[in-house]
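Residue strings, one per chain:
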Amino acid sequence: MTASPSADAAALEDFRTVQQWRQSFARFWRGGEPEPAAFEALARFVAVNEVTPDEIIDSVLRSKESGDLMLRTRARRKWMDLIQEFEDTEQSRDAANGVRSFMIHNGVAMNPPILR
Amino acid sequence: MEFLNVIGSRRSIRYFQQGRAVEREKIQTILEGARLASRAVNVPWAKAIVAYRDRLTQDEIDSLKTPFASVEFDLAPVYILWYHDMDARRVAIESSAYPSVASGTLQDIGALGPPHGWSHKYVQEVVLPEVLMPGLSAGPQRGGNADAAVAMTQGLLCAVEEGLGACLAPFNEAGAAEVFGVPDTWEPVQAMLVGYSAESPQAGGQRPRADWDKTFFLGHVDKPYPRDPAVTESMKEQGLIQEPSPIPWRSDEVRALSRGFRLPGGEPVEETA
Amino acid sequence: MEFKQVVGLRRSIRFWSPWQPIEPEKLQAVLEAIHQSPRVLEVDFLRVAVLHRDQMSEEDLQAMKTPTTTTQIELCPTYIFIYADLDALSEATDGKNLDEMLEAGALNRSHGWSSEFIRDTIVPQFYQEVLDDTDTVAMRFRTPDGMREGPAYSRQLLALGRTQIGIAQGVGLLAGVDQGLGVQLSGVGADVPKRIMGIPDSWITSSPMLIGYAAEGVEAGGQRPREPLEQDFHDGRYGAPFESDPDVVKRLTEDGMFQRPAPVPWRRDELRRLARMFGLPE
Ligand SMILES: Cc1cc2nc3c(=O)[nH]c(=O)nc-3n(C[C@H](O)[C@H](O)[C@H](O)COP(=O)(O)O)c2cc1C
Ligand SMILES: Cc1cc2nc3c(=O)[nH]c(=O)nc-3n(C[C@H](O)[C@H](O)[C@H](O)COP(=O)(O)O)c2cc1C
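Quick caveat, the model's predicted, so the values are computed rather than measured. (Residues numbered from 1 in each chain as written. Chains lettered and ligands numbered in written order. Predicted model: local features only at pLDDT ≥ 70, side-chain atom pairs only at ≥ 80, totals over all residues. Heavy atoms only, no water.)

## Describing the sheet that holds strand β8 (residues 233–235) of chain C
- Read across the sheet, 5 strands follow the order β3(B)-β4(B)-β2(B)-β1(B)-β8(C) without closing on themselves; strand pairing throughout is mixed. Among the strands making up the open sheet, the edge pair consists of β3 (165–169) of chain B together with β8 of chain C. Neighbour to neighbour, the strand axes of the sheet diverge by 20 degrees on average, direction disregarded.
- Against the sheet, helix α2 (residues 24–35) of chain B engages β1 (46–52), β2 (78–85) and β4 (186–195) of chain B together with β8 of chain C, with an angle of about 20 degrees to β2 of chain B.
- Contacting β1, β2, β3 and β4 of chain B, helix α8 (residues 146–161) of chain B crosses the sheet at an angle of about 5 degrees to β4 of chain B. (Pairing = 2+ DSSP bridges. Helix = DSSP H or I, 4+ residues; strand = E, 2+ residues; numbered from the N terminus. Axes fitted to C-alpha atoms, helices over the stretch in contact; angles between N-to-C directions. Contact = heavy atoms within 4.5 Å.)

Here is the structure:
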């Protein structure tokens, strides 16, 4: 696994969507929190893509009033592809699944291809 | 009873023993079986009213009949009238009255979760607005509901397994609404007429079915599903496929039944010298 | 398997072993059971089409996913689509199926049935009325160029068709469990199977039955909850709840129809390990 030098998992803590991730994760899994490696993966992912966690989620769920499903579908697709790219670059399904877990607990479904 | 044998031994029963009541526990078993059926978003689309013939007047009984089924209502001691609750989805969403997807139950119990992309926020942000709510503002819509029939079918099979005879049949909607006070948000599915069968277990043999080749397909509608005769043979051994109707003595049985019930068709056959 | 065990053990399975195909004899056994399900008003509505995942392109598999059916599509090796051909009712107006029932000794003179009754009463007063009912709904189909309108059918006819679909689904699900398979009904994009299999516009459908070997334990986390019996069923008239007798519940529990409720204590562990096995997120 290639750790990006700019990754700073601790800096993510203040983001609303990261807190949501923690809460929802603990609710579903009956306690606990995502692995430290998952936070680090998210930190690298946002760094590579030059966005904040909140910006990622807002870009997918923002159009609630307009109900613009197409836009949201397209935005989700974009992030799915970027996460897949991230998986390929890092050569780590676990790292990518850390990011996917963040997306899922924020209400954005992710379905990576099955490892057979 | 073995599952395949239940399916294979089921017949639509149209003659019921008189004077023999159906035990309440057997009726509850039918209802419990129906309630355990699979149902979209875990909402109880299937509703039912259990009616007892002997507590109804003849006029009330007659008001339930249709051209398709009339004498059956006179002969069966119990009717379970199955409905599709057209309002169930709204109730599930607005009052969380059921352990449905809308109330988050399926995630709480770990039936669905993050491995499938689901979270509580996903239910709120996507499943509710995009799957559960669309069309709700149009109010209750007729047109049937397969899930209500899935439940009814599980109930029907439970009746067979409990040793009861049963037949599905349409019933008069307006008559039933009047007699039982059914809400207009319930759309009829079918009546299940239940009692102890007065027919032999074969009830004349297994009834005709549509051609296999016109019913089952593999990958394309031009390609009938290949039916392996060896498997069909094994289905016979396991009691799923039984002797086809009419078995040779069926007409005698029907005549005797008709005579017993004082129904037309019970007259002795004229001997032709 | 004992019938009540089958009913009790049925769960909506959502993890399958994607590498394990179903033996042809088991799949046929499920179809044979469906073939014996009750037939709605002697109309041959029923159509069943089997599609194997591995015969589909990656693109089609992805297109079949919906918000509520996701990973299942890839995990499950086989889908059984159950349809009702609504044109079957006009075909039944020749009365031939009903004639067959007279010959079978199933419909008898004692109950008013005769060839004349079929032609003078049933066909015109029942079949034809359903066909002629003007309260109709037009079918709509998704195509690559947007939505396309198809034929319109009366709501009564739709209801009969959907009843037949549900009857076959009910039998099919249980038959799958009886064969030791994991089953689930799950909503998919119906336009994909329609295109691939050449499904005519007159065939309506519901959610297909996903079927294969379950990768979750047979309990799949325990029996899923239901509302109290009294909420669904009425005794004698609407508004009088059908009270559940605890002795019956006890007996049905002994017989295996009621099983340990979800979630069993280790369910989270099971899910986590399934997720890791297939490379799915937590
Ligand atoms: C929805 C439905 C409605 C039915 N309505 C009637 C009916 O009105 N009168 C009747 O005699 N049989 C009725 N039947 C029973 C069918 O005639 C029967 O299922 C079919 O002939 C196959 O026979 P079997 O059920 O004995 O296998 C109905 C069946 C279904 C599924
Ligand atoms: C018509 C139908 C469609 C369904 N669609 C889905 C679906 O899209 N996704 C899903 O996860 N479950 C689906 N289900 C399964 C139900 O959620 C499930 O039956 C219900 O929660 C009860 O759980 P049980 O089947 O394990 O008893 C569907 C069930 C039916 C009958």
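So, next bit.
## Description of the site of ligand 1
- Of all residues adjacent to ligand 1, which total 22 residues, the nearest are Ser12, Arg14, Arg207 and Arg209 of chain B together with Glu42 of chain C.
- Residues within reach of ligand 1 are spread across chains B and C.
- Separating an oxygen atom of ligand 1 from a side-chain N or O atom of arginine 10 of chain B is a distance of 2.7 Å.
- The side chain of serine 12 of chain B places a nitrogen or oxygen atom 2.6 Å from an oxygen atom of ligand 1.
- Protein coverage of the free-state accessible area of ligand 1, which is 610 Å², stands at 99%. (Near = heavy atom within 4 Å. Polar contact = N/O pair within 3.5 Å; in protein donor to acceptor, adjacent residues only side chain to side chain. Areas by Shrake-Rupley, 256 points an atom, 1.4 Å probe, with all protein chains shown as cover.)

## Focus on the interface of chain B and chain C
- On the chain C side, the residues contacting the 117 residues of chain B number 116 residues.
- Here chain B meets chain C over a buried area of about 9,800 Å², counting both sides, of which 61% is carbon and sulfur.
- Taken together, the connections running from chain B to chain C amount to 8 salt bridges.
- Among the salt bridges present, the one from aspartate 235 of chain C reaches arginine 24 of chain B, with a minimum N-O distance of 3.5 Å.
- For the pair chain B and chain C, the interface holds 57 residue pairs in polar contact (both at pLDDT 80 or more). (Buried area = accessible area lost by both parts, 1.4 Å probe. Salt bridge = Lys/Arg side-chain N within 4 Å of Asp/Glu carboxyl O.)

## A closer look at the pattern of salt bridges
- If you walk through the whole model with that rule in mind, you get 49 salt bridges over all chains.
- Salt-bridge contacts for glutamate 87 of chain A lead to arginine 93 of chain A; the nearest nitrogen and oxygen are separated by 3.0 Å. Both residues of the pair, glutamate 87 of chain A and arginine 93 of chain A, count as buried.
- Glutamate 282 of chain C serves as the salt-bridge partner of arginine 276 of chain C, at 2.8 Å between the closest nitrogen and oxygen.
- For glutamate 282 of chain C, a relative accessible area of 15% puts it in the buried group.
- Beyond isolated ion pairs, a larger network of salt bridges with shared partners links Glu25, Glu161 and Glu162 of chain B together with Lys4, Arg251 and Asp255 of chain C. (Buried < 20%, exposed > 50% of the residue type's maximum accessible area, 1.4 Å probe, protein only.)

## As for the environment of aspartate 85 of chain B
All names here are of chain B.
- Its place among the elements puts aspartate 85 in strand β2.
- The sequence separation of aspartate 85 and glycine 144 amounts to 59 residues, and the corresponding C-alpha distance is 9.6 Å.
- Non-local contacts of aspartate 85, meaning those with residues more than four positions away in its chain, are made with Pro44, Trp45, Lys47, Tyr98, Thr185 and Trp186.
- Here lysine 47 takes part through its side chain, which lies 2.6 Å from a polar atom of the side chain of aspartate 85.
- Side-chain polar atoms of aspartate 85 contact the backbone nitrogen of aspartate 87, separated by 2.9 Å.

## Observations regarding the site of ligand 2
- As a structural note, the neighbourhood of ligand 2 is formed by 23 residues, with Ser12, Arg14, Thr68, Gln184 and Arg226 of chain C the closest of them.
- Residues near ligand 2 are shared among chains B and C, making this a multi-chain site.
- In the model, an oxygen atom of ligand 2 is placed 3.2 Å from a nitrogen or oxygen of the arginine 39 of chain B main chain.
- Arginine 226 of chain C places a polar side-chain atom, nitrogen or oxygen, 2.8 Å from an oxygen atom of ligand 2.
- When the free accessible area of ligand 2 is taken as 620 Å², the share hidden by the protein chains comes to 94%.
- Classifying every residue of the shell around ligand 2 by side-chain character gives 5 nonpolar, 11 polar and 7 charged. (Nonpolar A, V, L, I, M, F, W, Y, C, P; charged D, E, K, R; others polar.)

The analysis is restricted to geometry; functional conclusions fall outside its scope.
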